[in-house]
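Descriptive analysis of the structure
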Amino acid sequence: MAEMTKPPSETTKTMSLPEAIRQAAELHRQGRLTEAENVYAAILKAKPDDFDALHLLGVLKQQRGESGEALRLISAALKVKPDVPEALSNFGLVLNTLNRHEEALASFDRAVAIRPDHAEAFYHRGNALRALNRHEEALASYDQALAIRADHAEALYNRGSVLGTLKRHEEALASYDRALAIKPDYAEAVYNRGNMLHALERHEEALASYDRALATRPDHAEALNNRGAVLGALDRYEEALVSFDLALAIRPDYAEALNNRGSALHALKRDEEALDSFEQALAVKPDYFEALNNRANVLQALNRREEALASYDRALAIRPDDADALSNRGNVLRGLKRHKDALVSIEQALAIRPDFAEALYNHGTVLGLLKRYEEATAGLERALDINPDLKYLKGRILHSKMHCCLWDKFEPTAARLAHEVQAGEHTATPFEFLTVSESASDQLKCSQIWAQDRYPLSSRPVWQGEIYRHDKIRIAYLSADYHDHATAYLMAGLFELHDRKRFETIAVSFGADSRGDMRTRLKPAFGRFIDVSQKSDRGVAEMLRELEVDIAVDLKGFTGDSRTGIFALRAAPIQVNYLGYPGTMGADYIDYIIADRWVIPEEQHEYYAEKVVYLPESYQVNDSKRPIAEHTPSRAKLGLPEKGFVFCSFNNNYKITPLVFDIWMRLLRQVEGSVLWLLEGNAAVVRNLKREAEKRGIAPERLVFATRVKLADHLARHRLADLFLDTLPCNAHTTASDALWAGLPVVTCLGATFAGRVAGSLLNAVGLPELIAHSLKEYEALALKLARDKKALAKIRSKLARNRKTCPLFDTDRFRRHIEAAYTTMWERYQRGEPPVSFAVAQIRK
C-alpha cells in the first residue's frame, strides 16, 4: 500500500521554513504545480513576507498564465529584497507578457547591473527590446546572453528572428542552425530556418526544412502555408495547392493561406477559383492589401478591368506608395485604352521606385501606344540597364526604335536577338521578332517560346473530343478588329458572301465597339455577332463549346489585342491561324494555317507548328467593294513636286530597315528630281529619316511625309505616286493590296519568311509576277529601270488596271469558294475522326 502524503499545512508544521521552501521548489520542478502552490500558500500564511515563497509562487502563477497575480506576488517579493537579480528578471518577464515592455526593460537592466553574468536576464531583455522594435539592441542583448551561456537555444532562436527582421538572412540561418545543433527537435527553429532559406531563394532546402518541421508538428499551419509558397516558387503549383488546403483545414480563417492559394490557382490559370479564394481572404481580413492587389490581378486576367481598377484603388487606399500596385493599375488602364491615365499611374510608381524595371517596361509600352517612341526607347533602355534579364525587353527596345527609325547598331542588335531566340531565351515577342527576322526557323522558335510561356495548352480544355453533328458547318471568326481596321477592310466582303446554306458564321468580337460605318456594315454579315469584350478567356471558350462551334478562326494571332488564351483552352475541335499574323503561332492547339505556295514554300513546312492549307491563288482575301474617293488632291497640296518621279512606300515605319533605306536613297540619287513619299507614323520619324537621308547625301526635302487620312482618301492619293517600293524582311501586306487596288504598281523582293513573301503572293495573284525580285540587287535594278523607262512603267500600269478587274486577287467571291472548300475539308476530316493534315485546295473556276 502506498504511503499517505500529509497535507502541506501539516507538513510545514513539522519542518523548518527552509525545508518547506525546498520541498515546494522540488514539487514545482517536477511540474506538480497544485501541490507546490499549496506549500507556497502555507508558507506565506505562516510568514506573509517570505521572499522565496512570494517570488516562486509568482513564477508558478506566470506559468499558469495568471500574469496579473504573478506581477503582484513578484512585486511583493521585490519589496522584501529589491536587488535579487532572478526576481528582477522574472518581474521583467511578467511585464513583457503584459506588453509593458519599457517597464520590463528597466527591470532587466537592474538585474544585469547587479549580476552581469545573468544569461536569462539578458535573453529576456533582448525579447523586450525586440518587442519595442529596437532590433540592433535586441541583437546585442542576445549576444551577451550567448557569451555567458553558449548553449542557450532560445536565445539563438530569437537572435535568428531578429536577424531575419533585419533582412540579414544568411546570419539568421546560421543562428537557427546553432540552435538546432543544441536542440535538434526545436520545431519553431526548423520552421524559421525554412523561412530564411525561402528568403534566400534556396527553395529546395527550404522545402526540406518545412517538411522536417511538419514531421514534428503536423498541425503547424504556418509551416504548411510557407511550404506551399516555396512549392509555388518552384512552379509546383498543384502540390502547393495541397499544402495550402492542409493549412486551411487546420485554420479555415487563415487569410494568408487563402491569399497564397489564390495565387497558386492564378498561376494554374484557374482564375475563377483564384478569385473566390481572394474573396474569402478579404472576408476574413477586409484591409488585406496583398489579397486586394492579387484580386485585381486576377480580375484583369478575367477581362473584368473596371472591377480590377476598383480593387487596385482599394489596395492603394491602404498602401498609397506601393509601386507594384500602381504599375499594375497602369496596365489595367492601358487595357481600358485610357493610355494617358495609365501613364500617370505608372509614373507614380516610378516616382517611388525609380529603378523599377518592370514599371519602366510598362511605361515604355504605354508611351509606344501614344506614339511617343523616342521617350519609350529611353525608358526601356533604362530598364535594360537595371535588369538585362527582363523578359521580352530587348525585342521591345528594338521595335520601339524601329517605329521612330532610330537605327544605331541595328544589324548587331537584330543578330543578337536571333542568337538569343535560338538559345531559347525570352528576348522578343513573336510579332516584334518577325519584323526583323529573316529565318522561318527562328520565327518558329520564338513563337514556341512565347506560346509556352504565356499561353500553354490548358490542363482543363473546354472541348473534350466530341464530334458535333450539324446541317451547317459552324465557323467562329475571333477578332478585336470589327471596326475601321485593315483586317475588316480585307474581310468584309468575304463575311457578306459566305454561303449561308452550308455555313453558319459567328463573329466573336473582343475589341472596342467604335460604332463606325465598318461596324455597322459587318454586324448583319454574320449569322450572329457576339461582343465578348467583357468575358474571360474561359468564358469565351465555354461559350464556343455551348454553341458547338466546329471551326474557330483566329484573326489576330500574336498581334495587338489578341486573345490567344481562348485557343489555349481548346475552344473548338478545329482551330485556325489566318490573316492577322503572318507566321506560325508555334502552338500545338492551332491546327491549321491558311497560306499559299508563295508565302509558305513546301520545303518550309517543318518551320510551322500548324498544318499548312494551300489556297490555289493568294492566301489573302480582298474586298472588291472598297471605295476609292473620286477626288484626287493635287500634288502641291500634299507637298509633292508637280513634276518628277514619286517613289512611294506607305508601309508602317517600323518595317523600314537601314539596308532598304540605302537602296531607296541610291534610287533618289540616280533618278533626277525624284522624291520618296512615306507615311508619317510619328514626328520623330520625319526628323530621323531626314537626318538619315542627309547622311547618305540626299537633300532632306526629297523625303515627303503623308499624314493619316480616311481609307477612301488614302486610296485616292495613291494616284499621285508612280511606283510603290516594298520593304524587307517584312513586306507590305494590306498596304500592298491598297496600292494595287488603287492602281499603283508595287516592286517587291521575295524574302525568306511568310512576312517577307506576302507582296509576292499578291503580285502573282494580280498577274504581275514580273514585279517580284529575288534579291535586293535585282529589286533595286527593277525599280530603277521602271523609274527611268516611262513606257515600261506605263505598260505595267495598264496591265494592272486590266488585271485588277479580272485576276483572282480582287475576286472576293472566287476567294470565298476556295476558303470554304478549305473549311469543308478540315471539317470532313474531323467528322471522320482523322487528325489535321496539310493539304491543297483545288482551283475553282467560274
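The notes below deal with the structure included here. (Residues numbered from 1 in each chain as written. Predicted model: local features only at pLDDT ≥ 70, side-chain atom pairs only at ≥ 80, totals over all residues. Heavy atoms only, no water.)

1. What about the pairing of strand S1 (residues 473-479)?
Our working definition: The buried label applies to any residue whose accessible area, calculated with a 1.4 Å probe on protein chains only, is under 20% of its type's maximum; exposed applies above 50%, and partly exposed to all values in between. Counting from the N terminus, the helices are DSSP H or I runs at least four residues long and the strands are E runs at least two residues long. At least two DSSP bridges between two strands are needed for those strands to be called paired. Seen with the strands pointing away from the viewer, any crossover whose path from the first strand over the helix to the second strand runs clockwise is right-handed.
Summarising burial for S1: seven of the seven residues are buried, a large majority. The side-chain alternation of S1 yields two buried faces, one formed by Ile 473, Ile 475, Tyr 477 and Ser 479 and the other by Arg 474, Ala 476 and Leu 478. Pairing analysis gives seven bridges linking S1 to strand S2 (residues 503-509), with the strands arranged parallel. Considered in S2, the bridge of Arg 474 is made with Glu 504. In terms of handedness, the path from S1 via helix H28 (residues 486-497) over to S2 forms a crossover that is right-handed.

2. Here's the deal with the environment of Leu 667
Condition: Only heavy atoms enter the contact rule, under which two residues are in contact if any of them lie within 4.5 Å.
Checked against the element boundaries, Leu 667 lands in helix H32 (residues 658-670). Overall, Leu 667 belongs to the buried group, its relative accessible area being 0%. The spacing of Leu 667 and Val 298 is 369 residues in sequence and 54 Å in space, taken between C-alpha atoms. When neighbours within four sequence positions are excluded, Leu 667 is seen to be in contact with Phe 647, Ser 674, Leu 725, Glu 780, Ala 783 and Leu 784.

3. A look at the packing of aromatic side chains
Let me state the cut-off plainly: Note on aromatic contacts: the rings of Phe and Tyr and the six-membered ring of Trp form a pair at centre separations within 6.5 Å, being stacked when their planes are under 30 degrees apart, edge-to-face when over 60 apart, and tilted otherwise.
Inspection of the entire model under this criterion finds 25 aromatic pairs. An angle of 80° between the planes, with centres 5.7 Å apart, marks the rings of Tyr 482 and Phe 526 as edge-to-face. Of this pair, Tyr 482 sits in the loop between S1 and H28 while Phe 526 sits in the loop between helix H29 (517-522) and strand S3 (528-531); the two residues are 44 residues apart in sequence, bridging distant segments of the chain. Classification of Phe 526 as buried rests on a relative accessible area of 4%. On the basis of an interplanar angle of 45° and a centroid distance of 4.5 Å, the ring pair of Phe 495 and Phe 526 is categorised as tilted. In this pair, Phe 495 sits in helix H28 while Phe 526 sits in the loop between H29 and S3, placing the two residues 31 residues apart along the sequence. Neither Phe 495 nor Phe 526 differs from the other in exposure class; each is buried. An aromatic cluster of at least three residues, connected via ring pairs, comprises Tyr 477, Tyr 482, Phe 495, Phe 526, Phe 529 and Tyr 823.

4. Considerations on the sheet that holds S2
Keep this limit in mind: Simply put, an axis is a line fit to the C-alpha atoms, just over the touching stretch for a helix, and the angle between two N-to-C directions goes from 0 to 180 degrees.
One open sheet accounts for eight strands, arranged S3-S2-S1-S4-S5-S6-S7-S14; its pairing is parallel. Both edges of this open sheet fall to S3 and strand S14 (839-840), since each of them pairs with a single strand only. Relative to the sheet, helix H30 (residues 537-546) contacts S1, S2 and S3, its axis offset from that of S2 by approximately 165°. Running at roughly 160° to strand S6 (residues 592-595), helix H39 (residues 812-831) makes contact with S1, S2, strand S4 (551-554), strand S5 (574-577), S6, strand S7 (611-614) and S14 of the sheet.

5. Some points on the packing of helix H23 (residues 373-386) against helix H24 (residues 393-403)
The following threshold applies: Roughly parallel means an angle under 35 degrees; roughly antiparallel means over 145; roughly perpendicular covers 65 to 115; every other angle is labelled oblique. Rotating anticlockwise by less than a right angle from the far helix to the near helix defines a left-handed crossing, while the corresponding clockwise rotation defines a right-handed one.
Relative orientation of the contacting elements H23 and H24 amounts to 155°, with a least axis distance of 9 Å. Classified by the interaxial angle, the pair formed by H23 and H24 is roughly antiparallel. Handedness of the crossing formed by H23 with H24: left-handed. Of the residues in H24, those touching H23 at Tyr 373, Ala 376, Thr 377, Leu 380, Glu 381, Ala 383 and Leu 384 are Leu 393, Lys 394, Arg 396, Ile 397, Ser 400, Lys 401 and His 403.

6. So, the nonpolar core
Under the convention used in this document: Throughout, nonpolar core names a set of buried Ala, Val, Leu, Ile, Met, Phe, Trp, Tyr and Cys residues whose side chains join them through atoms within 4.5 Å.
Counting 156 residues, the largest nonpolar core has Leu 478, Val 508, Leu 544 and Ile 566 as the members making the most contacts within it. Other than its neighbours up to four places away in sequence, Leu 478 contacts Val 508, Phe 510, Leu 544, Ala 552, Val 553, Asp 554, Leu 555, Lys 556, Ile 566 and Phe 567.

7. Comments concerning the pattern of salt bridges
Formally: Between Lys or Arg on one side and Asp or Glu on the other, a salt bridge is scored when a side-chain nitrogen of the former is within 4 Å of a carboxyl oxygen of the latter.
Counted according to the given criterion, the structure contains 75 salt bridges. When the shortest N-O distance is used, the salt bridge between Arg 149 and Asp 151 registers 3.2 Å. A salt bridge links Arg 635 to Asp 722; its shortest N-O distance comes to 3.3 Å. Linking Arg 635 in the loop between S7 and strand S8 (646-649) with Asp 722 in the loop between helix H34 (711-717) and strand S11 (723-725), this pair joins segments that are 87 residues apart in sequence. A single salt-bridge network, built from bridges that share partners, covers Asp 499, Arg 502, Asp 813, Arg 816, Arg 817 and Glu 820.

8. As for the packing of helix H35 (residues 734-741) against helix H36 (residues 758-765)
When two helices pack together, their arrangement is captured by the angle between the axes and the distance separating the axes. Counted only if it meets this: Each residue receives one of three labels: charged for Asp, Glu, Lys and Arg, nonpolar for Ala, Val, Leu, Ile, Met, Phe, Trp, Tyr, Cys and Pro, and polar for the others, Gly being one of them.
For the pair H35 and H36, the least separation of the axes is 9 Å and the interaxial angle reads 30°. By the angle class used here, H35 and H36 are roughly parallel. For the pair H35 and H36, the sense of crossing is right-handed. Residues Ala 736, Ser 737 and Leu 740 of H35 lie in contact with H36, whose contacting residues are Ala 759, Leu 762 and Leu 763. Tallied by class, residues from the contact of H35 with H36 come to five nonpolar, one polar and no charged.

9. Digging into empty space enclosed by the protein
In plain terms, the rule: In the cavity and pocket records, a cavity denotes points on a 1 Å grid over the protein atoms alone where a 1.4 Å probe fits but cannot get out, a pocket denotes an open set with protein on both sides within 12 Å along at least 5 of 7 lines, and lining residues are residues with an atom within 4 Å of a point. Grid points are joined across faces, edges and corners, and a volume is the space filled by probe spheres set on the points.
The tally for this structure, following the rule as stated, stands at three cavities of 30 Å³ or more. The space that makes up the largest cavity amounts to roughly 70 Å³. Residue lining of the largest cavity: Leu 615, Glu 617, Ser 618, Gln 620, Asn 622, Ala 765, Pro 808, Leu 809, Phe 815 and His 818, and that is the complete set. There is about 40 Å³ of room inside the second largest cavity. If you trace the second largest cavity, you find it lined by Ala 440, Gln 443, Leu 444, Gly 583, Thr 584, Tyr 607, Tyr 608, Thr 753 and Phe 754.

Honestly, it's all geometry; don't read function into it.
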